[in-house]
Amino acid sequence: MLEFLQRVLGLDKPTASKKVAKERLRLVLFHDRADMSPQIMQSLKEDLIKVISEYMDIDKSGLEVSLSNESDGVALVCNIPVLSLKRTVS
Amino acid sequence: MGEVIVITSGKGGVGKTTTTANIGTGLASLGKKVVLIDTDIGLRNLDVVLGLENRIVYDIVDVVQGNCRLKQAMIKDKRFEDLCLIPAAQTKDKTAVSPEQMKNLTDQLKEEYDFIIIDCPAGIEQGFKNAIAGAEKAIVVTTPEIAAVRDADRIIGLLEASELREPKLIINRLRPSMVKKGDMMDIDDMIDILAIDLLGVVPEDEAIVISTNKGEPAVLDKSSKAGEAYRNIVRRIMGEHVPLMNLEASNGFMSKLKKLFGVS
C-alpha cells in the first residue's frame, strides 16, 4: 500500500539516470586518458626526478614510470632506484 | 586574411554537417564571405543539407588532382551570393586527398574569404587528419550521451596533440525536459567533464528535420529554437558576447497559462 502511494505521488523516483551516465563516463574517461602521450610521461618523469633529487640521490637511468589499469581505477607506478639518502634537504 | 575552422566530433550522427551548414549560412547572412568544405569523401552530405545537390559538377578531389580550377568546384549558394560549397567526392575514398593538399587549399581560400568552415568526417583516421590539416580553430560538437561525450574527449586530445589548442564546444540536441527530470546530462556536467569552453547549446528541435528535408538551414528560420541557438553561435564566432538562451520548454499548460497572465 505504501509502495503504491509512493508511486502515485512520485516519491520513489529511481536514481536519475544522468547520475549513472556521469559516473560511467567518469570511469571510462579515466581509463581512456590513462593512455598518456609520451611527451607528457617524459615531462612527468623529469619533474619527479627534480623533486626526489632534493631528498635523495637516485639512479636517473633506472627510473621507470608507468600507469597501470586496475579494476577499480588507474595507478601511477614508479620504480626509482635510490643510491643514497641525503642528511639534510638541499 | 580569413579564418579556417574545422567542425568535428569523433562520433558520427551528432550533427557536424547540420552545424557546418547553419554556421556557414549564418555567417553569410551577416555579410561575410564564406566557403564550406565537405571533407567526408565517399559519404558526402553537406550538399543535400544546403539544398545544392543538383549543382555539383566538380568536387574536392577534382580540385586537388587538377581536373578543374578551384573556382569551378565552388558551388554558389542559392540564398547568399558570398556563400560557396566545395563538395566531397562521392566515389573516391579518404586517401584521395592528403593533409598537405588540404593545407594548400585552405591557404589559397584564406586570401579571399573571411571564413573557411570544414565539415570533418566521423572517426579519427585519414579523413580527420585531412580535415584538421589546414585548420586554425576547432569546434567540437557533442550530444548529451555517454558515447558522444567520450568520443569528444578523445577528439579534444587529438586536436591538442595537433596544436589545435582551445577547441570550443557545441552541445547539440539537448532536451531541456529530460535535463529537468535528471535523465539527461546538463550543460555544466559536460563542460565539467570535457574541460573546454562552451560556444553554444542547440536544443533538440523538429525544425531541424524539416529544414533538412527542404535543404534550407534552420538558422534562417526565425521561429525555430535551434535556429535561434545557431544565430547566437554565429554571433559568438564573430566575437560578440551573447548570453545562453533560455531553453526551458515553454509549451506546457502551466507556462502557457503563465504567459497568458504575463507572469513568465
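Everything quoted here is computed from the prediction, not taken from an experiment.

1. As for helix α2 (residues 17–33) of chain A
Spanning 17 residues, α2 of chain A covers 24 Å between terminal C-alpha atoms, matching the ideal 24 Å at 1.5 Å per step. Looking only at α2 of chain A, the buried set comprises Lys-18, Ala-21, Leu-25 and Leu-29 of chain A. For α2 of chain A, the angular spread of buried residues about the axis comes to 55°, placing them on one side. Residues of α2 of chain A that are exposed and point more than 90 degrees away from the buried face comprise Lys-19 and Arg-24 of chain A. The elements touched by buried residues of α2 of chain A are α7 (146–161) and α9 (187–194) of chain B.

2. Examining a nonpolar patch on the surface
Together, Val-51, Tyr-55 and Val-89 of chain A make up an exposed nonpolar region whose accessible area comes to about 300 Å². Here Val-51 of chain A is to be found in helix α3 (residues 38–53).

3. Thoughts on the interface of chain A and chain B
For an interface, size is often stated in terms of accessible area lost upon the parts coming together. Taken residue by residue, the interface counts 12 residues in chain A and 13 residues in chain B. Summed over both sides, the interface of chain A with chain B buries roughly 1200 Å², with 56% coming from carbon and sulfur. Counting across the interface, chain A meets chain B through 5 salt bridges. Here Asp-186 of chain B ties to Lys-18 of chain A by a salt bridge, and the two come within 3.1 Å at their closest N and O atoms. Partitioning the side of chain A that touches chain B into residue classes produces 5 nonpolar, 1 polar and 6 charged.

4. Observations concerning the nonpolar core
In terms of nonpolar packing, the biggest core is built from 88 residues, with Val-6, Ile-23, Val-35, Ile-37, Leu-109, Ile-117 and Ile-237 of chain B touching the most fellow members. Residues Met-41, Leu-48, Ile-52 and Ile-58 of chain A belong to the second largest nonpolar core, which totals 7 residues.

5. Thoughts on the environment of Asp-35 of chain A
Locating Asp-35 of chain A in the fold gives a position in the loop between α2 and α3. Once the C-alpha coordinates of Asp-35 of chain A and Ser-68 of chain A are considered, the two residues, 33 residues apart in sequence, prove to be 9.5 Å apart.

6. Describing the confidence of the model for chain B
Residues at a pLDDT of 70 or more form 94% of chain B, whose mean pLDDT is 94. For this predicted complex, the interface confidence comes out at an ipTM of 0.77, alongside a pTM of 0.81.

7. So, the pairing of strand β2 (residues 34–38) of chain B
Residues and elements named next belong to chain B. Counting buried positions over the 5 residues of β2 gives 5, a clear majority of the element. Where β2 and strand β4 (residues 83–86) come together, 4 bridges link them in parallel fashion. Paired with Ile-37 across the strands is Ile-86, a residue of β4. In the sheet, β2 pairs with strand β5 (residues 115–119) via 5 bridges, with the strands oriented parallel. By the bridge assignment, Val-34 is partnered in β5 with Phe-115.

8. Here we look at the packing of α7 of chain B against α9 of chain B
Two packed helices can be described by the angle between their axes and the distance between those axes. Residues and elements named next belong to chain B. Between α7 and α9, the shortest axis-to-axis distance is 10 Å and the interhelical angle comes to 35°. For the crossing formed where α7 meets α9, the hand is right-handed. In this structure, α7 uses Val-149, Ala-152, Asp-153 and Ile-156 to contact α9, whose residues at the interface are Met-190, Ile-193 and Leu-194. Looking at the contact of α7 with α9, its residues break down into 6 nonpolar, no polar and 1 charged.

9. Points about the side chain of Thr-143 of chain B
Residues and elements named next belong to chain B. Positionally, Thr-143 belongs in the loop between β6 (137–142) and α7. Exposure remark for Thr-143: the relative accessible area of 3% places this residue in the buried category. With near-sequence residues (within four places) excluded, Thr-143 lies in contact with Val-14, Ala-148, Val-149, Asn-172, Arg-173 and Met-190.

10. A few points about the pattern of salt bridges
All names here are of chain B. Summed over all chains, the structure comprises 20 salt bridges over all chains. Measuring nitrogen to oxygen at the nearest pair gives 3.3 Å for the salt bridge that ties Glu-163 to Arg-165. Residues Glu-204 and Arg-173 are paired through a salt bridge, measuring 3.5 Å at the closest nitrogen-oxygen approach. Here Glu-204, found in the loop between β8 (197–203) and α10 (206–214), pairs with Arg-173, found in strand β7 (residues 168–174); they are 31 residues apart in sequence, far enough to count as distant. Judged by its relative accessible area of 38%, Arg-173 is partly exposed.

Reading the values: the criteria
- Residue positions are given per chain, counted from 1 along the sequence in the order it is written.
- Chains carry letters and ligands carry numbers; both start at the beginning, A for chains and 1 for ligands, and go up in the order they are written.
- Given that this is a predicted model, residues contribute local features only at a pLDDT of at least 70 and side-chain atom pairs are listed and counted only at 80 or more, while totals for whole chains, interfaces and linings are drawn from all residues.
- With hydrogens and water stripped out, all remaining heavy atoms of the structure feed into the side-chain values.
- Strands are runs of DSSP state E lasting at least 2 residues, helices are runs of H or I lasting at least 4, and numbering of each runs from the N terminus.
- Each helix should span, by expectation, one fewer than its residue count multiplied by 1.5 Å.
- For every residue, the accessible area obtained with a 1.4 Å probe (protein chains only) is divided by the maximum for its type, and the residue is called buried under 20%, exposed over 50%, and partly exposed between those limits.
- Relevant arc is that of directions from the helix axis to the C-beta atoms, nothing else.
- When checking whether two residues touch, look at their non-hydrogen atoms; a contact exists if any pair is within 4.5 Å.
- Residues forming no salt bridge and having over 30% relative accessible area are the ones grouped into patches, like charges within 9 Å of each other and nonpolar side chains (Val, Leu, Ile, Met, Phe, Trp, Tyr) within 5 Å.
- Only the protein chains shown count as cover for residues, with accessible areas throughout obtained via the Shrake-Rupley method and a probe of 1.4 Å.
- By convention in these notes, a salt bridge is any Lys or Arg side-chain nitrogen within 4 Å of a carboxyl oxygen on Asp or Glu.
- Buried area: the accessible surface (1.4 Å probe) lost by two parts on joining, summed over both.
- Residue polarity is assigned by list, with Asp, Glu, Lys and Arg as charged and Ala, Val, Leu, Ile, Met, Phe, Trp, Tyr, Cys and Pro as nonpolar; anything else, Gly included, falls into the polar class.
- Residues enter a nonpolar core if they are buried and are Ala, Val, Leu, Ile, Met, Phe, Trp, Tyr or Cys, with the set joined through side-chain atoms within 4.5 Å.
- Values of pLDDT, ranging from 0 to 100, describe the predictor's confidence in every residue of the model.
- By definition, two strands form a pair when at least two bridges between them are found by DSSP.
- Axis definition: a line fitted to C-alpha atoms, over the contacting stretch in the case of helices. Angles run 0 to 180 degrees between N-to-C directions.
- Definitions for this section: a left-handed crossing has its near helix turned counterclockwise from the far helix by less than a right angle. A right-handed crossing has that turn clockwise.

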